[in-house]
Every structure is written in structure tokens, then in C-alpha cells.
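# Coordinate analysis (summary)
What follows is each chain in one-letter form.
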Amino acid sequence: PGGDAAPGRPAVLRMLVPANERPFWLPLADSFAKARPGVRLELEEGPVPTDLRESLTTSALLSRDGTWDLVYLDVTWTSKLAAAGWLLPLDDAFGEAERAAFLPQALAAGVFRGRLYRIPFRTDVGLLYYRADLLAAAGIAPPRTFAELETAARRLQSPPERWGFLWQGAQYEGLVCFFLEVLHGHGGSWIDPETLEVGLDRPEAEAALALLVRARGAGGVSPPGVTAYREEETRHLFQSGRAVFLRSWPYVFRLAQREGSAVAGKIGVLPVPTLSGAPGSGTLGGWGLAVARASRQPEKAIAFVRHATTLKSQRLFCAPTGFAPARRDGYADPELLAANPFLAELGKIHASATARPVVARYAQASDVLQRHLSAALAGLATPREALAAAARETRALLGEPP
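If you're wondering where the values come from, they're calculated on a predicted model, not measured in any experiment.

Secondary structure summary: the protein contains 17 helices and 12 strands in total. Against the 2.2 N^0.38 benchmark of 21 Å for 402 residues, the protein shows a C-alpha radius of gyration of 22 Å, consistent with a compact globule. Per-residue burial for the protein yields a buried fraction of 56% across its 402 residues. Within the protein, contacts between residues at least 6 apart in sequence are counted, and of these 74% link residues at least 24 apart. For the protein, the exposed area adds up to about 16200 Å²; of that, 55% sits on carbon and sulfur atoms. Each charge class in the protein can be summarised by its mean position, and for the 44 positive and 41 negative side chains these summaries are 2 Å apart.

This is the structure in C-alpha cells:
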């Protein structure tokens, strides 16, 4: 696969994308082919679940056979793929002026051990959606603290027809994202990427997990089945009018406002709450582009990364999908704002987004945390027991003394 083109035939770059995104990548591939005659991008359809696509990507890069020239990678993959030596450093290809066009947090997520490996393409940040109509009718102000959220959710819910608060509680990365928001909102931390210090067995972490356990427990504000929910289960329930609050990502806003949605015109959005009421810090998500070290045509691959991250390309991709752009100017762009007015508000919330720890063994550390969070949510361990065990395993994983 890959390789330079035969005389008279275009050079082909290859990249794996999720099947549901491929239709939105095609206009970028077409515009690139027009801008760079003699080069075309071939988009391979991959599975939609992120973990399955990560496995496919890892297997292909491990073989070093040049299967993929470009890597479309989640914000948490950079450290693992860069540590393995599978990605090409992009420091020399993208100067300071080009880098300054991107949201700082999104760009920083592509740096590993001081080198830039990933250019952000689209971004995400955790948000709190709420039924503005229900709160207004009850005379309740939008919550800024966890206590206010719990109180409002309990007052306005009428389970099982309408629950107070939905979140992603299944044993997967989404649970980690939400827990980190609650953890940061309590003043706690998970892993310091510089020192590898682990903060899971501290009172702040215990209080954060206790909040989740209480939410889905008897008399709580979340359905017992929340421990099986991912993004789409929670979105469908919220969008059908069956919840007061929802923790999710920016893509929900546009879908919830569509014709036929039971909550169209009735929702508001806030930063995630905190213990103190100060604006919370949503977990940074998003996808970026990297160049495989095994690519036989790295310069052409870099040219596509540059093409895909122009404002024009961001319009092509983000306007029809509702995804948030990675470029700063996308949040003030009239065309993107016309397609998604929510971007004006989202840009401010993005400024306080928090990245997950950039450590080479991130996937394993996340798996440890997921397992122990799930044990506590299932009642198999207390929050203190679960987090103490998670802290021990994480320290052992990272090579620190238990």
C-alpha cells in the first residue's frame, strides 16, 4: 500500500476514518485533489467505536508497512503512538505562526515529550445541558455547584418518566471523562504527567466518586441503568424530554435543536459545575491528524494535514456535522456561526478545558480507573476502597512505588 505514483497516475494517500464520518471527509478529499493535482486521498471506512478503531490503527502502525499515510487520532492516542515511534514529529513542518491559529489546549494535546505529533482537527469539551424551560417555570437558577445540581434535579424529576441527571456511566472512556470533571470540580487530580504523582486516594477523589454513587443509588437523581449508558443513550433520553440535566459533548446541541426534537428551543448550556460554584473545567476531547512514520510520502501527507486544517476546510467539515472546529477563528466565523450559533458560547467554555494526562501508558491507566469506578458504582466496593485500589494499580503501572 502507499508509495509514490507510477508515471501518469496520481499518488495515493490513505487514512482510516469512522464510517459515519466518511461522507463529511469526502469534500475535503475532493478539494485537496483539486488543490494538489497528482495526489488524492483514499478514505478507508473503519468501525465507529473508538476502541475498535484504535486497535486497527495500532496493528497497522505496528507492522510499519505503510498501510496508512495519515492517522486520524483521538486526543488520548498521541502519547501511546508517539512513544512507540510510529508518528512523524511535525515541529519543523508547522511553524509558530501556523500553530497560533489553533486553540491552545487542543494544540497542546498533540505534544509528547516536547515534540509536536498531532495537529488538532476538531475539538470537544464536556458540558452540562439543562432544560431551561423547566428551571424557569420552577424559578430555579441554572446550577453552578454540585449541590445546586442535585437539588434542582431532585425537585424537577419524576422518575421513571423524567430523570434528574443523565451522564455516561458505562465502563469505557466516557466514564473517565465525566469523573475527571467531577474530580477537578472537587479540587482533585488523577495523574500529574510531569511527576507521575497519583491523586486518586485523596479526600477530593473520594468525594467526587461518592457524588456519582449517590446519584444512581436508591432515591438518587440518575436512573440505575446509567451504568450502561454511553453518549447516544443519554442523548436520546434527554432529547425525548426524559431528563432535566445531561452531561455530554457539543454535538448534542445541534441535534437537540432539530425539528422533531422534544426539547428544541428549551435547552441551555453551562460549564460543568464545581464544589465552589466557580466555572468548571470540562474534559478536553477531539480528533486530530498525524503522519505515520512509515508513510512513503510524508511531504504529501503533511500537505493534506495543512489543507484539512484551513478555515475553509473546517467550514466544509464542521458546518454540516455540528462538530466544533480546532481553529480559533472558527468560533467567530460568520459561516460556521450561521450553521451553529452555539459556537460563540462554546469558544468561551473551551478556554478552561482540561486535557487528560499525557502519559505513554494512558490506555492502561484509563482501564484501571474505569474498572474501579465501575466497581464502586455497582456497589462492589466503597468509593474509598475503589480509589485506593485504583491508586495502587496506577502507581505500579507507572513505575512508582505503591
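Before going further, it helps to spend a moment on empty space enclosed by the protein. Applying the stated criterion across every chain yields a total of 3 cavities of 30 Å³ or more. A volume near 90 Å³ is recorded for the largest cavity. Surrounding the largest cavity, Val 75, Thr 76, Thr 78, Ser 79, Ala 109, Ala 355, Arg 356, Pro 357, Val 358 and Tyr 362 form its lining. If you add up the space inside the second largest cavity, you get close to 70 Å³. In terms of lining residues, the second largest cavity is bounded by Leu 128, Phe 146, Leu 149, Phe 165, Phe 178, Glu 181, Val 182, Leu 211, Arg 247, Val 272 and Pro 273.

Another point: the sheet that holds strand E8 (residues 163-166). As summarised here, the arrangement of the 4 strands in space is E8-E9-E7-E10, forming an open sheet in which the pairing is mixed. Taken across any chain shown, the strands that pair with only one partner, and hence form the sheet edges, are E8 and strand E10 (267-270). Going across the sheet, the axis of each strand differs from the next one's by a mean of 15 degrees, ignoring polarity. In the sheet, strand E7 (residues 127-131) pairs with strand E9 (residues 243-248) via 4 bridges, with the strands oriented antiparallel. When the sheet's bridge partners are listed, Leu 128 is paired in E9 with Arg 247. Along the sheet face, helix H7 (residues 146-156) touches E7, E8 and E9 and points at about 140 degrees away from the line of E9.

Look at helix H8 (residues 173-185) against helix H9 (residues 203-216): their axes get within 9 Å of each other, and the N-to-C directions meet at 120 degrees. On the basis of the axis angle, H8 is oblique to H9. When you trace H8 past H9, the crossing you get is right-handed. For the pair formed by H8 and H9, the contact residues are Leu 175, Phe 178, Phe 179, Val 182 and Leu 183 on the first element and Glu 204, Ala 205, Ala 208, Leu 209, Leu 211 and Leu 212 on the second. Classifying every residue of the contact of H8 with H9 gives 10 nonpolar, no polar and 1 charged.

Within the structure shown, the criterion is met by 15 aromatic pairs. Ring geometry for Tyr 129 against Phe 238: centres 6.4 Å apart, planes inclined by 50 degrees, an arrangement best described as tilted. Of this pair, Tyr 129 sits in strand E7 while Phe 238 sits in helix H10 (residues 231-239), and the two are 109 residues apart along the sequence. Like Tyr 129, the residue Phe 238 is buried in the burial classification. Between Phe 253 and Phe 342, the aromatic rings sit 4.4 Å apart at their centres with planes inclined by 20 degrees, giving stacked as the arrangement. With Phe 253 in helix H11 (residues 251-256) and Phe 342 in the loop between helix H14 (334-339) and helix H15 (343-350), the pair connects residues that are 89 residues apart, well separated along the chain.

Moving on to the state of the cysteines. Two cysteines, two sulfur atoms, one covalent bond between them: this is a disulfide. A full pass over the atoms with the stated rule returns 0 disulfides. Cys 318 supplies the cysteine sulfur nearest to Cys 177, a cysteine that is in no disulfide, at a spacing of 19 Å. Judged by its relative accessible area of 3%, Cys 177 falls in the buried class. Overall, the relative accessible area of 3% leaves Cys 318 in the buried class.

This next bit is on the packing of helix H1 (residues 22-35) against helix H13 (residues 311-321). Relative orientation of the contacting elements H1 and H13 amounts to 165 degrees, with a least axis distance of 9 Å. What the angle tells us is that H1 and H13 run roughly antiparallel. Relative to H13, H1 is oriented so that their crossing is right-handed. Contact residues: H1 offers Phe 24, Trp 25, Pro 27, Leu 28 and Ser 31, while H13 offers Ser 313, Leu 316, Phe 317, Pro 320 and Thr 321. Partitioning the contact of H1 with H13 into residue classes produces 7 nonpolar, 3 polar and no charged.

Right, let's get into unusual backbone geometry. Working note: non-glycine residues mostly have negative phi, and peptide bonds are mostly trans. The omega torsion across Pro 159 and Pro 160 is 5 degrees, close enough to zero to call that bond cis. Position of Pro 160 relative to the elements: it lies in the loop between H7 and E8. Positioned with a positive phi, Arg 64 is a non-glycine residue whose angle comes to about 55 degrees. Tracing the backbone through its elements, the reader meets Arg 64 in the loop between helix H2 (50-63) and strand E3 (70-74). When its relative accessible area of 48% is taken as the criterion, Arg 64 is described as partly exposed.

How each quantity is defined
Residues take numbers from 1 onward in each chain, read along the sequence in its written order. The predicted origin of the model limits local features to residues at a pLDDT of at least 70 and limits the giving and counting of side-chain atom pairs to 80 or more, whereas totals for whole chains, interfaces and linings rest on all residues. With hydrogens and water set aside, each side-chain value is computed from the structure's full complement of heavy atoms. Think of it this way: any DSSP run of H or I at least four residues long counts as a helix, any run of E at least two long counts as a strand, and we number them from the N terminus. A radius of gyration in this sense is built from C-alpha atoms; the matching globule rule multiplies 2.2 Å by the number of residues raised to 0.38. Only protein chains enter the accessibility calculation, which uses a 1.4 Å probe; a residue is then buried when its area is under 20% of its type maximum, exposed when over 50%, and partly exposed in between. Whether two residues are in contact is decided by their heavy atoms, any of which lying within 4.5 Å being enough. In this description, accessible areas are obtained by the Shrake-Rupley approach with a 1.4 Å probe, and a residue is regarded as covered only by the protein chains that are shown. Asp and Glu are treated as the negative residues and Lys and Arg as the positive ones, with His and the ends of the chain left uncounted. To locate a charge, take atom NZ for lysine, CZ for arginine, CG for aspartate or CD for glutamate. Cavities and pockets are found on a 1 Å grid laid over the protein atoms alone: a cavity is a set of points where a 1.4 Å probe fits but cannot escape, a pocket is an open set with protein on both sides within 12 Å along at least five of seven lines, and a lining residue has an atom within 4 Å of such a point. Grid points are joined across faces, edges and corners, and a volume is the space filled by probe spheres set on the points. Think of it this way: DSSP has to see at least two bridges between two strands before they count as a pair. Fitted lines through C-alpha atoms serve as axes, helices being fitted only where they are in contact, and the angles separating the N-to-C directions of these axes extend from 0 to 180 degrees. Angle categories are assigned with fixed cut-offs, so that under 35 degrees is roughly parallel, over 145 is roughly antiparallel, 65 to 115 is roughly perpendicular, and the rest are oblique. Crossings are classed by handedness, with left-handed meaning an anticlockwise turn of the near helix from the far one by less than a right angle and right-handed meaning a clockwise turn. Only Asp, Glu, Lys and Arg are considered charged, only Ala, Val, Leu, Ile, Met, Phe, Trp, Tyr, Cys and Pro nonpolar, and every remaining residue, Gly among them, polar. Only centres within 6.5 Å qualify two rings of Phe, Tyr or Trp (six-membered ring in Trp) as a pair; their planes then separate them into stacked at under 30 degrees, edge-to-face at over 60, and tilted for everything else. Our working definition of a disulfide is a cysteine sulfur pair at a distance within 2.5 Å.

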